[in-house]
Amino acid sequence: MTDSKYFTTTKKGEIFELKAELNSDKKEKKKEAVKKVIASMTVGKDVSALFPDVVNCMQTDNLELKKLVYLYLMNYAKSQPDMAIMAVNTFVKDCEDPNPLIRALAVRTMGCIRVDKITEYLCEPLRKCLKDEDPYVRKTAAVCVAKLHDINAQLVEDQGFLDTLKDLISDSNPMVVANAVAALSEIAESHPSSNLLDLNPQSINKLLTALNECTEWGQIFILDCLANYMPKDDREAQSICERVTPRLSHANSAVVLSAVKVLMKFMEMLSKDLDYYGTLLKKLAPPLVTLLSAEPELQYVALRNINLIVQKRPEILKHEMKVFFVKYNDPIYVKLEKLDIMIRLASQANIAQVLAELKEYATEVDVDFVRKAVRAIGRCAIKVEQSAERCVSTLLDLIQTKVNYVVQEAIVVIKDIFRKYPNKYESVIATLCENLDSLDEPEARAAMIWIVGEYAERIDNADELLESFLEGFHDESTQVQLQLLTAIVKLFLKKPTETQELVQQVLSLATQDSDNPDLRDRGYIYWRLLSTDPVAAKEVVLAEKPLISEETDLIEPTLLDELICYIGTLASVYHKPPSAFVEGGRGVVHKSLPPRTASSESAESPETAPTGAPPGEQPDVIPAQGDLLGDLLNLDLGPPVSGPPLATSSVQMGAVDLLGGGLDSLIGGTNFVAPPTAAVPANLGAPIGSGLSDLFDLTSGVGTLSGSYVAPKAVWLPAMKAKGLEISGTFTRQVGSISMDLQLTNKALQVMTDFAIQFNRNRVQNMGRLARFGLAPAAPLQVHAPLSPNQTVEISLPLSTVGSVMKMEPLNNLQVAVKNNIDVFYFSTLYPLHILFVEDGKMDRQMFLATWKDIPNENEAQFQIRDCPLNAEAASSKLQSSNIFTVAKRNVEGQDMLYQSLKLTNGIWVLAELRIQPGNPSCTLSLKCRAPEVSQHVYQAYETILKN
């Protein structure tokens, strides 16, 4: 008979009987009794009264009985902590048992008993098990450390278990390595500030070696750990990719997705010109396609991840369109996801087969799927211009089917096609008007009203059509009411004599009879425009509209980069960062892709870096409210306010209150005076004295200042993201003054005025010195008003470093809001740190030596600057122009050593040693600083200055 018999007894007085059986001398009877206890516990009966009797059964050689007792112990230890201590001696004894299974069982159970009183007794057994000769025991002990850390983190640190865990990464057994990585990753997630997984090329090599031999779960832990590593250069990234690629053929889909995540991340560092880059793209497609032959639930997870991959690198799957064609037996959630990916992969090469497929889908029985298919045809027309005519023809065929929901979806997408290709397909309007009576959905009615209003001059009975909608005005949804109001005003401006009564009727309905503030306000605006200045009304209401963009549902680039780092996790299915759905944010670390190499941009990626932008300085557009900008968001256009002109420009502009805090926040009060330019320190050109000649062969005095290196302008805000406004820019520092040099281009069809700018000023409390750069505009944004279509204007915006402080990641990230008469636009960009190097950054030699010794060695960071064939004199001269001063120079064994100092605007000193080997294009930079967080950015400044 099976163990099911233990679950069928419901006798009274059972506890007493069990107690007697547990204390029996017969081993078999004892085991039977414990099984009955576990069965009762499983079905929810309280058997905690038997705790001492069950614990007595621990003293046995029978492994099965021991497992059952340990199971009971884990369940009741929390409710009986005082009695649980009785079991401690047995644990200690079992941890020294000759049988490794018993040793592992003991240490596993210890980790599961979450009782503070017991934990301190378990340290010694755990320490022994971590160094056990059997790998099974070691791998179990590794996981136990993570569990113990969750109960008492301080105890684990004090006992040195974390260091032992780090040592296990070098273990000879791959499963021990995998569990050590899993435990350290778990601890690191709950304590993001602790640098537990301090990976280096040697430890990465050990992980990659273990990867081939451990179980699938072990492989996932190691691959996830590799994804958090930042290779030092593209060669190391390629080496890791080559060793991870075989995992793509693994049978477990989780391993495949983890491998894809690693490869997608490290591909950022590979040059597109490499043969290996093309090979890797080809290797990534087959495993992703294979995932789509699994069961529907796995398919859905794979499709959600593929959706992200296709947005980031569409070239991976551009030849695999057919695998995304819908099958008749696919569940609806799989069908909709496949449809989305088909549209993303649609191109001129495959549009014919895509359209044929979509037309078939539009005749399906599933209403949601048909709607999405019809909408997909419209999106294809907008995305692939050459297919627009065929798409419109397909939509007209669908309208002729007279299926109500198909007709309504078709009209909604045709409205978008009209907006993308004006004056091209208006011949279909007559067909659309025939279906006017069948429209009952708000979106379709609003789309039809927009079409009638927009092309009223081409529709003879436009007034009758709109009047038919007006009859039930108050029963319509807000969307339809707003569209109807605008359409009738458009009609009046095009045919004023025939529609005066109609426009008065709609304005009266909107302003006097409506409770909706949006509708009422729009009605009043139109009424006042029409009554005071009909010409202006015509310019506003009938203005040429910007063309709609191709892809309106792409994930915002910075969020997409973060989600790529979470491939294979819940975040990649939700398409949201973990911080959006993990409560409390514990263990949530924001991840980002490594900076791209100059030529690793995908040619087909919708977000390509602007030409001229240095590596790692791609600006990120931030259109979504609530992403990063906090109090920059609730902005409102203020009335134009004139102020005294700046000395730098005689042009007056409307000052705008960006943050609702009065104009003082923008221009520092009514009588704004431009800040004086910083004077060059008097001692700048002073010759260097002597005193350290035994250490240094000193250079002579400092030369004259010529201004620091200025990077070429890069596009910070593309026109497609800012309703036609394109912003390019760079940063400069000249004789103590920092400027943001902007180039504004109007690529829209309307005039732009009333420009203003603000930087994010969310305050962060209890912050160290490192992020206190506080860049802020020192004056309002002065624009030659107005900015006409296709006009470009160059502006230099003076910046100060006394603005509000916000801790940024990275710390040289600048978040900007620009506002004009159209809207408010947000973007972020990275400013080069050398604009913050001040002119009095030359340190006295004695002070240099004393400070270098005083700064702890762990604060020293070393970097390689490659492809920099400068000699010491040329390098020193170049760096000095950007306020990096050579304190001393000497030659050691043929190497030129430059000892340099620089000072940041917030008073932080950085000391540097630059080693240059004549004839070698690479040089070594060592940096010491009391705020080591800035070292990486100072190194980037060195590299930028020396290479340009």
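Every chain's residues receive numbers from 1 upward, in the order its sequence appears when written. At least 70 in pLDDT is required for a residue's local features to be given in this predicted model, at least 80 for side-chain atom pairs to be given and counted, and no such filter applies to totals for whole chains, interfaces and linings, which use all residues. Values reported for side chains reflect all heavy atoms of the structure, with hydrogen atoms and water molecules removed beforehand.

Some remarks on the overall build of the chain
Condition: Strands here are runs of E lasting at least two residues and helices are runs of H or I lasting at least four, both read from the DSSP assignment and numbered beginning at the N terminus. In this scheme, a residue with accessible area under 20% of its type's maximum is buried, one over 50% is exposed, and one in between is partly exposed, where area comes from a 1.4 Å probe on protein chains only. Any two residues whose heavy atoms approach within 4.5 Å at even a single point are treated as in contact. Accessible surface is estimated by sampling points in the Shrake-Rupley manner with a 1.4 Å probe; for residues, cover comes only from the protein chains shown.
Of the regular secondary structure elements, the chain holds 36 helices and 14 strands. Per-residue burial over the chain gives 52% buried out of 948 residues. Taking the intrachain contacts of the chain between residues at least 6 apart in sequence as the baseline, contacts between residues at least 24 apart amount to 68%. When the accessible surface of the chain is summed, it comes to about 43100 Å², and 50% of that surface belongs to carbon and sulfur atoms.

Some thoughts on unusual backbone geometry
Positive phi, normally seen in glycine, also occurs at Lys723, with a value near 55°. Among the residues examined, Lys723 registers a relative accessible area of 44% and is labelled partly exposed. Non-glycine residue Asn883 carries a positive phi angle of around 70°. Checked against the element boundaries, Asn883 lands in the loop between helix H35 (872-881) and strand S11 (885-892).

Quick look at the pairing of strand S12 (residues 895-903)
Keep this limit in mind: Strands qualify as paired when DSSP identifies two bridges or more between them.
Burial analysis of S12 places eight of its nine residues in the buried class, which makes it a mostly covered element. Between S11 and S12, which follow one another and run antiparallel, lie two residues, and Glu893 among them has a positive phi close to 50°. Here S12 pairs with strand S13 (residues 909-916) via eight bridges, running antiparallel. By the bridge assignment, Lys903 is partnered in S13 with Trp909. With antiparallel pairing between neighbouring strands as the criterion, S12 and S13 make up a hairpin whose turn holds five residues, including Gly907 at a positive phi of roughly 90°.

A look at helix H9 (residues 135-151)
Rules: In this analysis, the expected span of each helix is defined as 1.5 Å times one less than the number of residues it contains.
Spanning 17 residues, H9 covers 25 Å between terminal C-alpha atoms, matching the ideal 24 Å at 1.5 Å per step. Along H9, the residues classified as buried are Val137, Arg138, Thr140, Ala141, Ala142, Cys144, Val145, Ala146, Leu148 and His149. Buried-residue contacts for H9 involve helix H7 (100-112), helix H8 (116-130), helix H10 (153-158), helix H11 (161-168) and helix H12 (174-190).

Here we look at the packing of helix H22 (residues 388-399) against helix H23 (residues 404-420)
What counts here: Note on definitions: angles span 0 to 180 degrees between N-to-C directions of axes, and those axes are lines fitted to C-alpha atoms, for helices only across the stretch in contact. Working rule for angles: under 35 degrees goes down as roughly parallel, over 145 as roughly antiparallel, 65 to 115 as roughly perpendicular, anything else as oblique. The handedness criterion is simple: a crossing whose near helix is rotated anticlockwise from the far helix by less than a right angle is left-handed, and one whose near helix is rotated clockwise is right-handed. Side-chain classes are defined by residue name, with Ala, Val, Leu, Ile, Met, Phe, Trp, Tyr, Cys and Pro counting as nonpolar, Asp, Glu, Lys and Arg as charged, and the others, Gly among them, as polar.
Two numbers describe how H22 lies on H23: the axes approach to 9 Å, and their chain directions differ by 155°. In terms of orientation, H22 lies roughly antiparallel with respect to H23. Along this stretch, H22 crosses H23, giving a crossing that reads as left-handed. For the pair H22 and H23, contact is made by Val392, Leu395, Leu398 and Ile399 and by Val406, Val407, Ala410, Val413, Ile414 and Ile417, respectively. When grouped by side-chain class, the residues that make up the contact of H22 with H23 number ten nonpolar, no polar and no charged.

Side note on the pattern of salt bridges
The cut-off we apply is this: Here a salt bridge means any side-chain nitrogen of Lys or Arg lying within 4 Å of a carboxyl oxygen belonging to Asp or Glu.
For the coordinates displayed, the defined rule picks out 34 salt bridges. Arg375 is paired through a salt bridge with Glu409; the nearest N and O atoms lie 2.6 Å apart. Linking Arg375 in helix H21 (residues 367-383) with Glu409 in helix H23, this pair joins segments that are 34 residues apart in sequence. Given the relative accessible area of 30%, Arg375 is considered partly exposed. For Asp840, the salt bridge goes to Lys903, with nearest N and O atoms at 3.5 Å. In this pair, Asp840 is assigned in the loop between strand S9 (824-830) and helix H34 (845-854) and Lys903 in strand S12, connecting sequence segments 63 residues apart. Overlapping salt bridges bring together Glu268, Lys312, Arg313, Glu315 and Asp561 as one network.

What about the side chain of Gln219?
Selection rule: Two N or O atoms count as a polar contact when they lie within 3.5 Å, although within protein this holds only if one can serve as hydrogen donor and the other as acceptor, and sequence-adjacent residues are included solely when both atoms are side-chain atoms.
Along the chain, the position of Gln219 falls in helix H14 (residues 216-227). Relative accessible area serves as the criterion here: at 4%, Gln219 is assigned to the buried category. Within the structure, the side chain of Gln219 is placed 3.1 Å from the backbone oxygen of Cys214, a separation counted as a polar contact. Ignoring sequence-local partners within four residues, the contact set of Gln219 consists of Leu211, Cys214, Arg247, His250 and Val255.

Section: the environment of Thr215
When you line up the elements, Thr215 lands in the loop between helix H13 (201-211) and H14. Taking the C-alpha atoms as reference points, Thr215 and Met175, separated by 40 residues in sequence, lie 7.2 Å from one another.

A word on the packing of H13 against helix H15 (residues 234-244)
Remark: H13 packs on H15, axes separated minimally by 10 Å, with the N-to-C direction vectors making an angle of 15°. On the basis of their axis angle, the class for H13 and H15 is roughly parallel. Read as a crossing pair, H13 and H15 show a hand that is left-handed. Across from Pro201, Ile204, Asn205, Leu208, Thr209 and Leu211 in H13, the residues of H15 making contact are Glu236, Ile240, Arg243 and Val244. Across the contact of H13 with H15, the residue classes tally to six nonpolar, two polar and two charged.

Notes on the sheet that holds strand S6 (residues 776-777)
Spatially, five strands are ordered S2-S3-S4-S7-S6 in an open sheet, and the strand pairing comes out antiparallel. Strands at the two margins of the open sheet, each flanked by one partner only, are strand S2 (714-717) and S6. Judged from the ten bridges that link them, strand S3 (residues 725-734) and strand S4 (residues 737-746) form a sheet pairing that is antiparallel. What sits directly across from Phe731, in S4, is Met740.

Some thoughts on the packing of aromatic side chains
As a reminder of what qualifies: Here a pair means two rings of Phe, Tyr or Trp (six-membered ring of Trp) with centres within 6.5 Å. Their orientation is stacked below 30 degrees between planes, edge-to-face above 60, and tilted elsewhere.
As enumerated under the stated definition, the model contains twelve aromatic pairs in all. Here Tyr421 and Tyr425 contribute two aromatic rings whose centre-to-centre distance is 6.2 Å and whose plane-to-plane angle is 85°, an arrangement assigned as edge-to-face. For Tyr421, a relative accessible area of 5% translates into the label buried. A relative accessible area of 7% means that Tyr425 is categorised as buried. Taken together, a centroid distance of 6.2 Å and an interplanar angle of 80° make the contact between Phe848 and Tyr899 edge-to-face. Of this pair, Phe848 sits in helix H34 while Tyr899 sits in strand S12, placing them 51 residues apart in sequence. For the pair shown, Phe848 and Tyr899 are each scored as buried. Each residue in the set Trp716, Phe731, Phe827 and Tyr831 is aromatic and connected to the rest through ring pairs, giving one cluster.

Focus on helix H17 (residues 275-291)
If you check which residues of H17 are buried, you get Tyr276, Tyr277, Leu280, Leu281, Leu284, Ala285, Pro287, Leu288 and Leu291. Where H17 is buried, its residues touch H15, helix H16 (253-267) and helix H18 (296-312).

Notes on the nonpolar core
Here is the rule: Residues belong to a common nonpolar core when they are buried Ala, Val, Leu, Ile, Met, Phe, Trp, Tyr or Cys residues joined through side-chain atoms within 4.5 Å.
Among the nonpolar cores identified, the biggest contains 212 residues, and Tyr72, Phe91, Val244 and Phe418 are the most heavily contacted of them. With residues near it in sequence (within four places) discarded, Val244 still touches Leu208, Leu211, Leu223, Leu226, Ala259, Val262 and Leu263. Of all hydrophobic cores here, the second largest spans 66 residues; its members include Ile727, Ile738, Phe863 and Leu927.

Some points on the sheet that holds S12
Pairing in this open sheet of five strands is antiparallel, and the strands run S10-S14-S13-S12-S11 from one edge to the other. Strands at the two margins of the open sheet, each flanked by one partner only, are strand S10 (861-865) and S11. Between one strand axis and the next, the sheet turns by 20° as a mean value, whatever way the strands run. This element, H34, spans S11, S12, S13 and strand S14 (923-929) of the sheet and lies at about 95° to S13.

Describing the environment of Arg390
You can see Arg390 is positioned in helix H22. Judged by relative accessible area, Arg390 falls into the partly exposed class, the value being 45%. As for Arg390 and Leu355, which are separated by 35 residues in sequence, their C-alpha atoms are 8.4 Å apart. What Arg390 contacts, discounting residues up to four positions off in sequence, is Ala352 and Leu355.

Focus on the confidence of the model for the chain
Filter applied, for reference: pLDDT measures how confident the predictor is about each residue, on a scale from 0 to 100.
On average, residues of the chain score 79 in pLDDT, and 83% of them are at 70 or above. With pLDDT under 50 throughout, residues 598-706 is counted as low confidence; its partners more than four residues away or in other chains account for 215 contacts. Within the model, pLDDT remains below 50 along residues 762-771, and this stretch shows 26 contacts once partners closer than five positions in the same chain are excluded.

Side note on a negative patch on the surface
Here is the rule: Nonpolar side chains (Val, Leu, Ile, Met, Phe, Trp, Tyr) within 5 Å and like charges within 9 Å form the patches, drawn only from residues with over 30% relative accessible area and no salt bridge. By the counting rule applied here, Lys and Arg register as positive and Asp and Glu as negative, while His and the ends of each chain are not counted. Each charge is placed at NZ for Lys, CZ for Arg, CG for Asp and CD for Glu.
There is a patch of like negative charges on the surface, built from Glu464, Glu467, Glu471 and Glu501. For Glu501, the location among the structural elements is in helix H28 (residues 500-511).

Concerning the environment of Ser387
By the element assignment, Ser387 lies in the loop between H21 and H22. Spatially, the C-alpha atom of Ser387 lies 7.4 Å from that of Gln348, the residues being 39 residues apart in sequence. Once you skip the residues sitting within four places of it in the chain, Ser387 turns out to touch Ile351, Leu355, Cys380 and Ala381. Within the local environment of Ser387, its side chain forms a polar contact with the backbone oxygen of Cys380, the two atoms lying 3.5 Å apart. In terms of polar contacts, Ser387 uses its side chain to reach the backbone carbonyl oxygen of Val384, at 2.7 Å.

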